[in-house]
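Architecture at a glance
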Amino acid sequence: MEHITTPPWAMLAYLAAGVLFIMALRGLSSPATSRAGNRYGIVGMTIAMVTTLATHGLASLPEIAGAIAVGGGLGFVTARKIKMTDMPQLVAAFHSLVGLAAVLVGLAAYLNPIAFGIAGPDGVIEVQSRIEMGLGIAIGAITFSGSVIAFLKLNGNMSGAPIMLPGRHAINLGTLLAILGLVGYFTQDQAPWVIAVITALSFAIGFLLIIPIGGADMPVVVSMLNSYSGWAAAAMGFTLHNTAMIITGALVGSSGAILSYIMCKAMNRSFISVIAGGFGAAPEAGGGGAAKVQRPWKRGSAEDAAFLMKEAENVIIIPGYGMAVAQAQHVLREMGDLLKKEGVNVKYAIHPVAGRMPGHMNVLLAEANVPYDEVFELEDINGEFAQADVAFIIGANDVVNPAAKTDKSSPIYGMPVFDVDKAKTVMFIKRSMGGVGYAGVDNDVFYMDQTMMLLADAKKMVEDINKALAH
Amino acid sequence: MDFISILSIFVMACFVGYYVVWSVTPALHTPLMAVTNAISSVIVVGALVAGAAEGSVISKWLGLGAVVLASVNIFGGFAVTERMLAMYKKKEKK
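Predicted model, so just to flag it, every value in this text is computed and none were measured. (Residues numbered from 1 in each chain as written. Chains lettered and ligands numbered in written order. Predicted model: local features only at pLDDT ≥ 70, side-chain atom pairs only at ≥ 80, totals over all residues. Heavy atoms only, no water.)

Let us now look at the overall build of chain A. When helices and strands are counted, chain A shows 17 helices and six strands. Judged by the C-alpha coordinates and their principal axes, chain A covers about 85 × 50 × 35 Å. For chain A, buried positions account for 57% of its 471 residues. A fraction of 77% describes how many contacts in chain A between residues 6 or more apart in sequence connect residues 24 or more apart. Accessible area for chain A stands at about 18,200 Å²; split by element, carbon and sulfur atoms hold 63% of it. Considering chain A, the positive charge centre built from 30 side chains and the negative charge centre built from 34 side chains are found 4 Å apart. (Helix = DSSP H or I, 4+ residues; strand = E, 2+ residues; numbered from the N terminus. Buried < 20%, exposed > 50% of the residue type's maximum accessible area, 1.4 Å probe, protein only. Contact = heavy atoms within 4.5 Å. Areas by Shrake-Rupley, 256 points an atom, 1.4 Å probe, with all protein chains shown as cover. Lys, Arg positive; Asp, Glu negative; His and termini not counted. Charge placed at Lys NZ, Arg CZ, Asp CG, Glu CD.)

Contacts between the two partners involve 102 residues from chain A and, on the opposite side, 79 residues from chain B. Summing both partners gives a buried area of about 8,200 Å² for chain A against chain B, and 77% of it is carried by carbon and sulfur. Considering only the side of chain A, the residues that lose the most area to chain B are Leu28, Asn38 and Met45 of chain A, jointly responsible for 8% of the buried surface there. Linking chain A with chain B are three salt bridges, by the criterion used here. Applying the counting criterion to the chain A and chain B interface returns 22 residue pairs in polar contact (both at pLDDT 80 or more). (Buried area = accessible area lost by both parts, 1.4 Å probe. Salt bridge = Lys/Arg side-chain N within 4 Å of Asp/Glu carboxyl O. Polar contact = N/O pair within 3.5 Å; in protein donor to acceptor, adjacent residues only side chain to side chain.)

Let us look at the nonpolar core. In this structure, Met309, Met335, Phe392, Ile394, Phe418, Val420 and Ile465 of chain A are the most contacted members of the largest nonpolar core, which totals 196 residues. With residues near it in sequence (within four places) discarded, Met309 of chain A still touches Val315, Met335, Leu339, Val344, Val390, Phe392, Met427 and Ile465 of chain A. (Core = buried A, V, L, I, M, F, W, Y, C linked by side-chain atoms within 4.5 Å.)

Before going further, it helps to examine the confidence of the model for chain B. Residue and element names in this part refer to chain B. Confidence in the prediction for chain B averages 91 pLDDT; 97% of positions are at 70 or higher. Confidence scores differ between elements of chain B, with helix H3 (residues 44-52) showing the lowest mean pLDDT of 91 and helix H4 (residues 57-85) the highest of 95. If you check the scores for this complex, the pTM reads 0.89 and the ipTM reads 0.94. (pLDDT = per-residue confidence, 0-100.)

The backbone of His241 of chain A sits at a positive phi, close to 55°, despite the residue not being glycine. Inspection of the secondary structure puts His241 of chain A in the loop between helix H8 (218-240) and helix H9 (243-266).

On to a nonpolar patch on the surface. Residue and element names in this part refer to chain A. The grouping of Val127, Ile131, Leu135, Leu173, Leu177 and Leu180 at the surface amounts to a nonpolar patch, some 550 Å² of accessible area in total. Counting residues per element, the ones that place at least two in the nonpolar patch are helix H5 (127-155) and helix H6 (168-186). Along the chain, the position of Leu177 falls in helix H6. (Patch = residues over 30% accessible without salt bridge, like charges linked within 9 Å, V, L, I, M, F, W, Y side chains within 5 Å.)

All names here are of chain A. Compared with an ideal rise of 1.5 Å per residue, which puts 13 residues at 18 Å, helix H13 (residues 329-341) spans 19 Å between its outermost C-alpha atoms and is within 8% of the ideal. Gln329, Val331, Leu332, Met335, Gly336, Leu338 and Leu339 are the residues of H13 that are buried. A positive backbone phi angle near 85° is found at Gly343, which sits one or two residues after H13. (Expected span 1.5 Å × (residues − 1).)

All names here are of chain A. Strand order in this open sheet of six strands is E3-E2-E1-E4-E5-E6, and the pairing throughout is parallel. Every other strand in the sheet has two partners, leaving strand E3 (375-377) and strand E6 (451-455) as the edge strands with one partner each. Direction aside, the axes of adjacent strands within the sheet are offset by 25° on average. Strand direction decides the pairing type here: strand E1 (residues 314-319) and strand E2 (residues 345-350), joined by four bridges, are parallel. The residue bridging Asn314 from the neighbouring strand is Asn345, located in E2. Against the sheet, H13 touches E1, E2 and strand E4 (390-394), its axis set at about 150° to E2. (Pairing = 2+ DSSP bridges. Axes fitted to C-alpha atoms, helices over the stretch in contact; angles between N-to-C directions.)

Turning next to the environment of Phe446 of chain A. Residue and element names in this part refer to chain A. Tracing the backbone through its elements, the reader meets Phe446 in the loop between strand E5 (425-430) and E6. By relative accessible area, Phe446 is classed as buried at 2%. Each C-alpha atom, one on Phe446 and one on Asn369, is 30 Å from the other, the two residues being 77 residues apart in sequence. Contacts of Phe446, omitting those with residues within four sequence positions, involve Trp297, Asn397, Phe428, Lys430, Met433, Thr451 and Met453.

Given below as structure tokens:
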């Protein structure tokens with residue numbers, strides 16, 4: 001009988017890899033230590049892979065080297081070429097690959113359990129391993145199909161609007177229960193049809209869970225799928241009795257869960273209501289405003305804006321997803337530089353849900369060479385608006401809407417927002433007065449006495465302001 | 001290793017993950033997702049075992065397929081994280 005046992009040195013090596021992965025995440029506590037952290041991650045991964053090859057794979061090294069070269073090359077080139085505005089799509093695509101890899105590994109373990117040391121010589125898989133394998137395949141498949149939908153929505157191949165099936169809660173719940181029931185049955189009968197149906201149902205439920213979720217909730221979805229990909233890795237780690245996989249799975253699983261929590265809190269939405277979906281169903285473009293009273297608002301020009309900001313002492317810039325869409329981050333940084341030359345104190349304020357994934361705006365500003373110590377989080381800067389001469393809003397909307405503080409009937413009520421109404425002057429760059437934010441609510445900031453609406457494409461407007469500032 | 005030891009490692013790692021992730025600065029949440037993506041591809045360990053094993057041709061090819069997918073993630077994930085982190089700069093002191 002052939003029973004695989006991992007030699008002690010290999011077990012220590014996997015443990016070391018796990019510790020290095022913890023240090024990789026620890027490094028991200030500040031930008032100064034982050035790059036060293038990433039290197040720890042790379043070393044950890046190398047140790048894990050070399051250890052596995054040394055204990056298992058030397059016989060089929062050429063095929064394996066080929067597989068690594070193909071995948072690695074593809075990944076590396078993509079990572080070099082991807083635009084920073086497209087990061088959410090890339091991360092969603094990467095999640096789907098982890099999910100699919102977990103499914104493939106699970107199926108491979110099912111087909112060749114002796115090689116994985118989880119079955120006796122008769123090929124009967126241990127009961128505990130069957131549960132782990134079933135759950136691992138299920139979570140992997142959900143991660144895969146869910147991430148594919150998230151990718152298509154983020155990439156614009158599929159409408160960001162929620163797609164609502166009638167009776168979807170009943171369908172989803174039924175499917176989930178069926179999967180769990182089949183995993184239970186799998187412990188009694190290791191027939192191929194059981195694992196095939198578990199896989200198929202899990203692919204279906206991942207798809208069904210994500211289609212009703214709208215574009216504005218994508219930061220939560222991406223974080224949630226991040227979490228799932230971790231749990232899938234952990235489940236496979238249990239199957240393989242591998243500490244590196246278990247530690248990593250737990251790290252990634254908690255990381256995604258915490259990010260989902262932060263995102264939900266920043267929108268004052270419960271996790272359940274995000275999962276239930278349907279938010280952002282209201283049409284984005286106005287038109288429903290016919291019954292509303294037309295309120296007066298003031299339009300400003302680039303020259304007015306430039307003049308006011310030149311005279312200002314403190315300017316706080318609030319970027320949102322619209323800035324990313326208009327690719328205005330580079331001209332915005334130029335504007336910041338021009339203002340600093342005039343002696344203006346410039347700061348950037350970022351809401352946790354600005355952009356399509358956690359921290360997306362920070363990366364875009366960093367790409368445009370905005371120093372990270374000029375960029376502040378909501379709670380760190382919100383007290384400073386009372387001293388600000390200008391609040392400059394570019395491509396953001398819901399995150400500055402005071403209705404979140406005052407109007408209990410508003411869909412965004414309770415969401416923490418920037419207190420821009422306290423600033424002496426508010427400049428609001430917007431394409432037109434028609435459109436409203438993702439939540440589909442009107443914004444009182446448009447109509448305040450101190451607000452100057454700058455109606456134009458964000459990039460064009462900032463370019464014009466820069467021209468006026470340079471004079 | 002018996003199940004209880006594995007479970008202990010898992011539970012402890014969840015707590016470590018909880019505290020480590022809360023200490024990540026929000027400015028680096030996007031690189032955090034990219035790097036967690038890369039490290040969750042440690043699932044490649046399972047893929048390598050399957051790809052190297054004799055006994056089932058289908059299992060071997062499934063394993064090799066998983067090696068390709070996980071490698072995309074490993075190389076892509078670490079490279080894109082490195083690229084992002086290189087962009088974060090402090091204000092130049094004049």
